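As a plain string of letters, each chain reads:
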Amino acid sequence: MSATLRDFSVWVLLVALSGLACNAPQRGAESPVLPPPSSPEGLYALSPAAFGRLRAVRQPLPLDALDHDLLAAALFHEANRHRRKLGYPSLRHLPPLDDAARLQARAMAAHQRVSHEHPTSSALRRPYDRVSSVGLRPRFVAENVASAFGLQYEARRRFYTRREGGRTLFSYRPDGPALPLHTYASFAVTIVDQWMGSPGHRANILANEAAFMGHACAVAGQDGGMPMLYCAQLFFDAL
């Protein structure tokens with residue numbers, strides 16, 4: 001069977017808020033000492049270059065056992081790499097932002113729809129609602145969302161499917177080599193490049209108002225189709 005798929009979907013939203021109390025770290029506050037890179041939070045203590053040298057980052061995405069912390073860190077470092085390249089300071093990691101991003105990533109994956117609105121919960125409808133739900137009272141919130149293929153597939157190119165060993169394989173030729181899975185690093189590059197190629201998403205990534213950044217991705221239920229991940233990226237600052 002042959003088919004083609006379009007480019008993945010991206011949506012952007014920016015919300016500025018003022019006059020709110022906060023219980024999150026302030027811009028310019030001293031960063032806490034982070035644990036070593038062997039722990040999830042320690043991944044954020046590395047520079048983007050040092051993070052990229054980790055062997056785990058170059059491993060294929062195990063879609064049935066995804067390391068969510070590693071993928072979130074890969075997106076974090078890739079976004080900061082673009083910021084530093086363009087003369088902007090790096091944003092800091094704030095774990096509750098990952099939790100807030102995960103709320104939307106999982107909802108999008110469950111409904112296979114890219115949106116800034118939560119599909120089922122009115123209490124989590126907006127990015128601001130989701131950030132507030134994890135204990136943050138923001139002055140500034142911005143969100144990027146997207147879906148992207150888990151395989152290294154060139155969008156809109158014809159591909160073929162076949163069954164081997166109980167698995168569905170995808171290839172550019174009927175009996176050609178199977179398309180490889182993305183690695184943690186290549187997936188981060190692909191999705192952040194797409195965001196940077198869109199004016200609204202780029203503006204969020206480079207926002208001067210933001211001090212912190214968080215990410216999450218979720219794998220959509222696989223029913224024999226090409227695997228898809230849904231991702232949310234949040235930017236935040238407090239009073």
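Residues numbered from 1 in each chain as written. Predicted model: local features only at pLDDT ≥ 70, side-chain atom pairs only at ≥ 80, totals over all residues. Heavy atoms only, no water.

### Observations regarding the state of the cysteines
Across all of its chains, the model carries one disulfide by this definition. The disulfide bridge from Cys217 ends at Cys231, spanning 2.2 Å between sulfur atoms. Looking down the S-S bond of the Cys217 and Cys231 bridge, the torsion is 110°, so its handedness is right-handed. Of this pair, Cys217 sits in strand 7 (residues 212–219) while Cys231 sits in strand 8 (residues 228–237), and the two are 14 residues apart along the sequence. (Disulfide = S-S within 2.5 Å. Helix = DSSP H or I, 4+ residues; strand = E, 2+ residues; numbered from the N terminus.)

### Topic: the confidence of the model for the protein chain
Across the protein chain, the average pLDDT comes to 85, with 81% of residues at 70 or higher. Contacts from residues 14–35, a stretch scored under 50 in pLDDT, to residues over four places away or in other chains number 53 contacts. (pLDDT = per-residue confidence, 0-100. Contact = heavy atoms within 4.5 Å.)

### Here we look at the packing of aromatic side chains
Counted according to the given criterion, the structure contains six aromatic pairs. Taking 6.2 Å as the distance between ring centres and 45° as the angle between the ring planes, the aromatic pair formed by Phe212 and Phe236 counts as tilted. Of this pair, Phe212 sits in strand 7 while Phe236 sits in strand 8, and the two are 24 residues apart along the sequence. Given a relative accessible area of 3%, Phe212 falls into the buried group. Within the aromatic cluster, the residues linked to one another by ring pairs are Phe149, Tyr153, Phe159, Phe170 and Tyr172. Across from the ring centre of Tyr172, 3.6 Å away, lies the NZ or CZ of Arg157, which sits over that ring. (Phe/Tyr/Trp six-rings, centres within 6.5 Å; stacked < 30°, edge-to-face > 60°. Buried < 20%, exposed > 50% of the residue type's maximum accessible area, 1.4 Å probe, protein only. Lys NZ or Arg CZ within 6 Å of the ring centre and 35° of its normal.)

### Concerning the nonpolar core
Looking at soluble globular proteins, one finds that nonpolar side chains tend to be buried together. In terms of nonpolar packing, the biggest core is built from 38 residues, with Phe51, Leu71, Phe187, Ile191, Ile205 and Phe235 touching the most fellow members. For this core, the elements supplying multiple residues, two or more each, are helix 1 (48–52), helix 2 (68–85), strand 4 (140–149), helix 5 (184–196), strand 7 and strand 8. With eight residues, the single largest contributor to this core is helix 2. Setting aside residues up to four positions removed in sequence, Phe187 forms contacts with Leu61, Leu71, Ala148, Phe149, His182, Cys217, Leu229 and Cys231. Listed in part, the 30 residues of the second largest apolar core include Phe212, Met228, Ala232 and Ala238. (Core = buried A, V, L, I, M, F, W, Y, C linked by side-chain atoms within 4.5 Å.)

### Quick look at the packing of helix 2 against helix 5
Contact geometry of helix 2 with helix 5 gives a least axis separation of 9 Å together with a crossing angle of 45°. With respect to their mutual orientation, helix 2 and helix 5 come out oblique. At the point where helix 2 passes helix 5, the crossing takes the right-handed sense. Seen from helix 2, the contacting residues are Leu70, Leu71, Ala74, Leu75, Glu78, Ala79 and His82; seen from helix 5, they are Tyr184, Phe187, Ala188, Val189, Ile191, Val192, Asp193 and Met196. Residue classes in the contact of helix 2 with helix 5 are distributed as twelve nonpolar, one polar and two charged. (Axes fitted to C-alpha atoms, helices over the stretch in contact; angles between N-to-C directions. Parallel < 35°, antiparallel > 145°, perpendicular 65-115°, else oblique. Left-handed = near helix turned anticlockwise from the far one by under 90°. Nonpolar A, V, L, I, M, F, W, Y, C, P; charged D, E, K, R; others polar.)

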